[in-house]
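Residues per chain, in single letters:
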Amino acid sequence: MERYRVFVTRAIPQEGLEILGRFCDVEVSAIPGAIPREVLLEKVKGKHGILALLTDTIDREVMEAASETLRVISNYAAGFNNIDVEEATRRGIMVTNTPGVLAETTADLTFALLLAVARRIVEGDKLVRSGQFTGWDPLLLLGEDVYGKTLGIVGLGRIGKAVARRALGFSMQVLYYSRRALPKEEEKALRVRYVELPELLQCADFVTLHVPLTEATHHLIGERELAMMKKSAYLVNTSRGPVVDEKALVRALREGIIRGAALDVFENEPDVEEELLTLPNVVLAPHIGSASLATRTRMAMMAADNLVKALRGERPEYLVNPEVLKG
Ligand code: NAP
């Protein structure tokens, strides 16, 4: 049986590596953190498959470096904006991702961030740790209620829907804007109402972003959109950093255009706009949307399964570019 040569760009949970090891000779980058570009270009040479992370830019240069042997790029993420899918398709290379499996976990984190910023949990934590908590106070850290408020979901896909289900438990009204409206029965079941983006921004107390990063969604939320939001509203972003114009967000937060923000992702990760670090009305998380042990393990198994299926001539379950099979 042919053993396939596979490169994994960073350590992932063992369960995924075990699946790969059944059929492939696997090399895992031993470098802590994101793999340096020149090492990536060297390591992919002659490989049949690459198991990549969202921190790896997989473009034409990488595909060229891998040469003719490369048949699949399996992304360990739901998003695949780090991969030049068009180029891969042109070269007959399958691209796969790990959607669905992380939707509930990412929706949990979204709600955790929303609650944290509205109820000023991080400020409270800092206060207690600093020894300045002198006892219950009627005016201490007054925040905003979440229950009964209006939630605006931008991008009602897998994660957006999981967030909508959670909002029902908080008796929230849910508005959504997406590329297209859901069928009426599905809207009814989820108790969500479709509106255009400007209306969503004007009406929502909390706006949460769940679109993929594409050309169309780059800076989807900028100065103009932030100005449409209520002064009392909060923005939550667990999608991708560049969906929000981070400089415009800083200005809006500083000038009271909106009340607060909670962010799991940043425009130039791992760099963060300096001023965000100093603003009290912001909660910051280090891109941990899918970071539960169970989910990261399932993602590893799914990414490995996608890769192995592609190499063994089967159709991977989560194929981003099915048109590649026609060629
Ligand atoms: P999904 O199921 O594909 O949902 C994305 C939704 O956005 C779909 O309803 C899609 O509409 C809609 N959409 C796409 N382009 C749009 C546009 N230009 N305007 C308005 N709506 C648009 O993806 P998902 O699994 O929910 O994940 C969403 C994103 O979250 C991922 O792409 C990833 O970048 C991010 N993510 C982040 C973390 C984290 O760690 N923070 C974890 C997981 C995922 P169609 O159905 O018409 O395409």
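Residues numbered from 1 in each chain as written. Predicted model: local features only at pLDDT ≥ 70, side-chain atom pairs only at ≥ 80, totals over all residues. Heavy atoms only, no water.

Undergrad: An account of the domain arrangement of the chain is requested, with residue identities and associated values reported.
TA: When the domains of the chain are assigned, the result is domain 1 (4-101 + 293-326) and domain 2 (103-284). Put simply, the middle of domain 1 and the middle of domain 2, counted by C-alpha atoms, are 31 Å apart. Summed over both sides, the interface between domain 1 and domain 2 buries roughly 570 Å², with carbon and sulfur atoms accounting for 47% of that surface. At the junction of domain 1 with domain 2, the criterion picks out 0 salt bridges. (Domains from an automatic or database assignment. Buried area = accessible area lost by both parts, 1.4 Å probe. Salt bridge = Lys/Arg side-chain N within 4 Å of Asp/Glu carboxyl O.)

Undergrad: Could you give an account of the site of the ligand, with specific residues and numbers?
TA: Around the ligand, the structure places 24 residues, and the nearest of them are R158, I159, R179, T238 and D264. For the ligand, an oxygen atom lies 2.9 Å from a polar atom in the backbone of R158. Contacts to the ligand include R240, whose side-chain N or O atom sits 3.3 Å from an oxygen atom. When the ligand is considered free in solution it has 920 Å² of accessible area, and contact with the protein chains removes 87% of it. Here the shell around the ligand is built from residues that sort into 7 nonpolar, 12 polar and 5 charged. (Near = heavy atom within 4 Å. Polar contact = N/O pair within 3.5 Å; in protein donor to acceptor, adjacent residues only side chain to side chain. Areas by Shrake-Rupley, 256 points an atom, 1.4 Å probe, with all protein chains shown as cover. Nonpolar A, V, L, I, M, F, W, Y, C, P; charged D, E, K, R; others polar.)

Undergrad: Which residues make up the side chain of K47, and what values do they have?
TA: With respect to the helices and strands, the residue K47 is situated in the loop between α2 (37-43) and β3 (49-52). Residue K47 is classed as buried on the basis of its relative accessible area, which comes to 10%. A polar contact is formed between the side chain of K47 and the backbone oxygen of K43, at a distance of 2.9 Å. Here K47 is in contact with R5, V6, F7, E27, A66, T69 and L70, once residues within four sequence places are set aside. (Helix = DSSP H or I, 4+ residues; strand = E, 2+ residues; numbered from the N terminus. Buried < 20%, exposed > 50% of the residue type's maximum accessible area, 1.4 Å probe, protein only. Contact = heavy atoms within 4.5 Å.)

Undergrad: Give me the lowdown on the environment of L20, citing residues and values where you can.
TA: Locating L20 in the fold gives a position in helix α1 (residues 14-23). Expressed as a C-alpha distance, the spacing of L20 and V192, which sit 172 residues apart in the sequence, is 41 Å.

Undergrad: Go over the packing of helix α5 (residues 103-118) against helix α7 (residues 158-169) with me, naming the residues and quoting the values.
TA: Orientation of α5 relative to α7, taken along the N-to-C sense of each, is 55°, at an axis distance of 8 Å. Relative to α7, α5 is oriented oblique. With respect to the hand of their crossing, α5 and α7 are arranged in right-handed fashion. Each of A103, E104, T106, A107, D108, T110 and F111 in α5 lies in contact with α7, whose residues at this interface are R158, I159, A162, V163, R165, R166 and A167. Looking at the contact of α5 with α7 residue by residue, the classes come out as 7 nonpolar, 2 polar and 5 charged. (Axes fitted to C-alpha atoms, helices over the stretch in contact; angles between N-to-C directions. Parallel < 35°, antiparallel > 145°, perpendicular 65-115°, else oblique. Left-handed = near helix turned anticlockwise from the far one by under 90°.)

Undergrad: Quick one: what's the story with the pairing of strand β10 (residues 234-237), residue by residue and with numbers?
TA: Alternating residues of β10 divide into Y234 and V236 and L235 and N237, and every residue in both groups is buried. Here 4 bridges tie strand β9 (residues 206-209) to β10, and the two strands are oriented parallel to one another. Bridge pairing links T208 to V236 in β10. Following the backbone out of β9, through helix α10 (residues 223-228) and into the adjacent parallel β10, one traces a crossover that is right-handed. Bridging between β10 and strand β11 (residues 260-263) involves 4 bridges; their strand directions are parallel. Residue pairing for β11: N237 is matched across the bridge by L263. (Pairing = 2+ DSSP bridges. Right-handed = clockwise from strand over helix to strand, strands pointing away.)

Undergrad: Kindly report on the packing of aromatic side chains, identifying the contributing residues and their values.
TA: Applying the stated criterion to the full structure yields 4 aromatic pairs. Aromatic pair Y176 and Y194: ring centres 5.4 Å apart, planes at 80°, arrangement edge-to-face. Here the residue Y176 occupies a position in strand β7 (residues 173-177), and Y194 occupies one in strand β8 (residues 192-194), the gap between them amounting to 18 residues. What makes Y194 partly exposed here is its relative accessible area of 24%. (Phe/Tyr/Trp six-rings, centres within 6.5 Å; stacked < 30°, edge-to-face > 60°.)

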